[in-house]
Amino acid sequence: MIPFAIAGIQMQLSASASNLDKMHAKLATLMARFPWVQMVVFSELAAFGPYPKYAQPLPGPAEQTFQTWAKQFNIWLLPGSLFELADGKIYNTALIINPQGVVVDRYRKQFPFLPYEQGIAAGDRFVTFDVPEVGCFGISICYDMWFPETTRTLAALGAEVILHPTFTDTIDR
């Protein structure tokens, strides 16, 4: 087994439109204190909060910023999720970015939490990705975990670790 360090950042979100500066500051502090960390996972909707009005197309400016951070810190980066605007729909989408700054994949939350995510479209595919010489990772977002099919399917697809960014900061999450 090869050791692989993963850190999670669950931030208090500001009421403004963007939390990107705050995210970068938290990431820089984390990497200065724990330089051996190889993957960082932020909370659901960390970038712009739970406001669909800030939805943006992907690729887009926020995604480019995250790609720069992944390269800067030489880490796998999952910057939580953000609202994605695509084909007239809004999705709650998580990005997976490798240490070279390449977007490996995007996962759209399959089970939007109603009534809070009213008008948010459901994704239609499961996502796993390989970290070379480490293993296969799967991803789900917040309310997805309440549906056992999500975890079962990710495991059937080979996931050895399931990453699960969530907006809720209670101890059961």
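All of the points below concern the structure found in this document. A quick note: this is a predicted structure, and the numbers were derived from the prediction, not measured.

1. So, the pattern of salt bridges
Right, so step 1: In total, this model carries five salt bridges according to the counting rule given.
Right, so step 2: With a shortest N-O distance of 2.8 Å, arginine 106 and glutamate 63 are connected by a salt bridge. In this pair, arginine 106 sits in strand β6 (residues 103-108) while glutamate 63 sits in helix α2 (residues 61-73), placing the two residues 43 residues apart along the sequence.
Right, so step 3: The salt bridge partner of arginine 125 is aspartate 105, with a shortest N-O separation of 2.4 Å. Placement of arginine 125 in the loop between β7 (120-121) and β8 (127-131) and of aspartate 105 in strand β6 is noted, with a sequence separation of 20 residues between them.
Right, so step 4: Of the residues examined, arginine 125 reaches a relative accessible area of 40% and is grouped as partly exposed.
Right, so step 5: Given a relative accessible area of 18%, aspartate 105 falls into the buried group.
Right, so step 6: A single salt-bridge network, built from bridges that share partners, covers Glu44, Lys109 and Glu117.

2. Some thoughts on unusual backbone geometry
Right, so step 1: Proline 59 follows leucine 58 through a cis peptide bond whose omega is 0°.
Right, so step 2: Here proline 59 shows up in the loop between β2 (39-42) and α2.
Right, so step 3: For cysteine 142, which is not a glycine, the phi torsion comes out positive at approximately 35°.
Right, so step 4: Looking at where cysteine 142 falls in the secondary structure, it is placed in the loop between β9 (135-139) and α3 (148-156).

3. Here we look at α2
Right, so step 1: Given a rise of 1.5 Å per residue, 13 residues ought to cover 18 Å, and the 19 Å separating the end C-alpha atoms of α2 matches this to within 8%.
Right, so step 2: Within the sequence span of α2, burial applies to Ala62, Glu63, Phe66, Trp69, Ala70 and Phe73. Each buried residue of α2 sits inside an arc of 115° when the element is viewed along its axis, so together they form one side. Within α2, the exposed residues directed more than 90 degrees away from the buried face are Pro61, Gln64 and Lys71.
Right, so step 3: Considering only its buried residues, α2 is in contact with α1 (20-33), β3 (76-78), β4 (81-86), β5 (89-97) and β6.
Right, so step 4: In the segment just after α2, asparagine 74 is the residue with positive phi, at about 55°.

Calculation rules
Residues numbered from 1 in each chain as written. Predicted model: local features only at pLDDT ≥ 70, side-chain atom pairs only at ≥ 80, totals over all residues. Heavy atoms only, no water. Salt bridge = Lys/Arg side-chain N within 4 Å of Asp/Glu carboxyl O. Helix = DSSP H or I, 4+ residues; strand = E, 2+ residues; numbered from the N terminus. Buried < 20%, exposed > 50% of the residue type's maximum accessible area, 1.4 Å probe, protein only. Expected span 1.5 Å × (residues − 1). Arc of directions from axis to C-beta. Contact = heavy atoms within 4.5 Å.

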